[in-house]
Amino acid sequence: MIDIDSLVCGYPGAPPVAGPLTFTVPDCGITCLLGPNGVGKTTLFKTLLGLLVPVSGSFILDGRPLRTYSVKELARTVAYVPQGHVPTFPYLVRDVVVMGCNPSMGELARPGPEELAVAQEQLERLGVSHLASRPYTEISGGERQRAAIARALVNRPDCLLADEPTGNLDQDNAAHAFALMKKLIGEQHGAMIIVTHDMNLARQMDRCLYLVGGKLSDTPPPPAAA
């Protein structure tokens with residue numbers, strides 16, 4: 001599904017953060033992206049999401065260059081769970097999840113019974129349906145994280161990018177959330193890329209890639225000298 005060749009990631013007017021990177025993510029299974037803080041994992045995700053233009057190199061998504069996708073088409077194909085989300089407006093939790101349906105809706109369309117039902121289903125699967133009518137600003141960080149996962153899954157994406165998706169959850173809820181993401185992506189024969197520092201979670205992945213010094217490797221780096 002994802003074919004990266006000599007990709008260099010970074011921000012306009014600044015030195016490159018990571019690259020050149022060359023790797024392939026198959027159209028099914030889970031890839032874990034590991035590495036210390038500050039090596040460019042989030043920057044790579046922003047590039048894969050189309051939020052940053054690659055400095056150089058190519059990015060092919062499902063057989064097509066990323067630049068050929070419209071914003072809505074890309075949003076229907078790839079969903080994102082951020083590491084953490086600080087809410088600005090007191091939307092209801094249900095409304096936040098329904099926003100994930102937008103890429104599949106027409107311009108200026110309003111969510112209808114179908115979108116509301118899908119959002120409610122995902123909230124129930126994540127165990128937070130009782131929060132549907134609560135303001136998003138008034139629930140805990142862990143509850144917000146589960147709502148963010150529900151929002152990402154509501155559109156049934158082909159590829160899910162998750163940046164520390166279980167970082168704000170306790171062990172039991174983290175295991176449940178990961179199992180749900182894995183199940184849904186598996187049902188759709190889709191792909192998932194997860195950034196995590198949780199080695200117990202990493203061991204459940206199909207493949208691990210290590211981003212160190214701006215470069216990717218299939219093998220872990222040697223331990224730092226004492």
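Every chain's residues receive numbers from 1 upward, in the order its sequence appears when written. Only residues with pLDDT of at least 70 get local features here, since the model is predicted, and only at 80 or more are side-chain atom pairs given and counted; chain-wide, interface and lining totals rely on the full set of residues. For side-chain calculations, the full set of non-hydrogen atoms in the structure is used, while hydrogens and water are omitted.

(A) Just the sheet that holds strand S7 (residues 159-163), in detail. An order of S6-S7-S8-S3-S9-S10 is seen for the 6 strands of this open sheet, with the pairing classed as mixed. Looking at strand neighbours, the two that pair on one side only are strand S6 (78-81) and strand S10 (215-217), the edges of this open sheet. Mean inter-strand twist for the sheet, computed between neighbouring axes without regard to direction, equals 20°. Bridge count for S6 against S7 is 4 bridges, and the pairing is parallel. Each residue of the ladder has a partner; that of Val78, found in S7, is Cys159. Seen against the sheet, helix H1 (residues 41-48) touches strand S3 (29-34), S6, S7, strand S8 (191-195) and strand S9 (207-212) and runs at an angle of roughly 150° to S7. Helix H5 (residues 141-153) rests against S6 and S7 of the sheet, and its axis sits at about 180° to S6. Two strands form a pair only when DSSP identifies at least two bridges running between them. Each helix is a run of DSSP H or I of at least 4 residues and each strand a run of E of at least 2, with the numbering of both proceeding from the N terminus. Comment: axis = line fitted to C-alpha atoms, over the contacting stretch for helices; angle = value between 0 and 180 degrees taken between N-to-C directions. Every residue pair with non-hydrogen atoms within 4.5 Å of one another is taken to be in contact.

(B) Here's a closer look at the nonpolar core. Nonpolar cores were defined as sets of buried Ala, Val, Leu, Ile, Met, Phe, Trp, Tyr and Cys residues, with membership established by side-chain atoms within 4.5 Å. Summary of the burial criterion: residues with accessible area below 20% of their type's maximum are buried, those above 50% are exposed, and those between are partly exposed, where the area comes from a 1.4 Å probe applied to protein chains only. Counting residues in hydrophobic clusters, the biggest one holds 43 residues, and the most contacted among them are Leu160 and Met192. Ranked by the residues each element gives to this core, the list is headed by helix H6 (residues 171-187), at 7 residues. Once residues within four sequence positions are removed from consideration, Leu160 is found in contact with Ala79, Tyr80, Val81, Ala152, Leu153, Met181, Ile185, Ala191, Met192 and Ile193. Grouped together as the second largest cluster of nonpolar side chains are 28 residues, Leu33, Phe59, Val195 and Leu211 included.

(C) The state of the cysteines, seen in detail. Two cysteine sulfurs form a disulfide in these notes if their separation is within 2.5 Å. With the rule as written, the count across this model stands at 0 disulfides. With no disulfide of its own, Cys9 lies 15 Å from the sulfur of Cys159, the closest cysteine sulfur. Relative accessible area serves as the criterion here: at 0%, Cys9 is assigned to the buried category. Left without a disulfide partner, Cys101 is nearest to the cysteine sulfur of Cys159, which lies 19 Å away. For Cys101, a relative accessible area of 6% gives the class buried.

(D) Representation of the side chain of Thr31. If you trace the backbone, Thr31 turns up in strand S3. In this view, Thr31 contacts Val25, Met192, Ile193, Ile194, Arg207 and Leu209; residues no more than four positions away in its chain are not counted.

(E) Representation of the packing of aromatic side chains in the model. Geometry of aromatic contacts follows a simple scheme: Phe, Tyr and Trp rings, the Trp one being its six-membered ring, pair when their centres are within 6.5 Å, and the pair is stacked under 30 degrees between planes, edge-to-face over 60, tilted otherwise. Summed over the entire model, instances satisfying the criterion amount to 2 aromatic pairs. Plain terms: the ring middles of Phe45 and Tyr80 are 6.3 Å apart, the flat faces sit at 80° to each other, and that makes the pair edge-to-face. Note that Phe45 is positioned in helix H1 and Tyr80 in strand S6, a separation of 35 residues in sequence. The exposure class of Phe45 is buried, given its relative accessible area of 1%. For Tyr80, a relative accessible area of 27% corresponds to the partly exposed category. Consider the rings of Phe89 and Tyr91, whose centres lie 5.9 Å apart with planes at 65°: the pair is edge-to-face. We count a charge as sitting over a ring when the NZ of a lysine or the CZ of an arginine lies within 6 Å of the ring centre and within 35 degrees of the ring normal. Directly above the ring of Tyr69 sits Arg64, whose terminal nitrogen or CZ lies 4.1 Å from the centroid.

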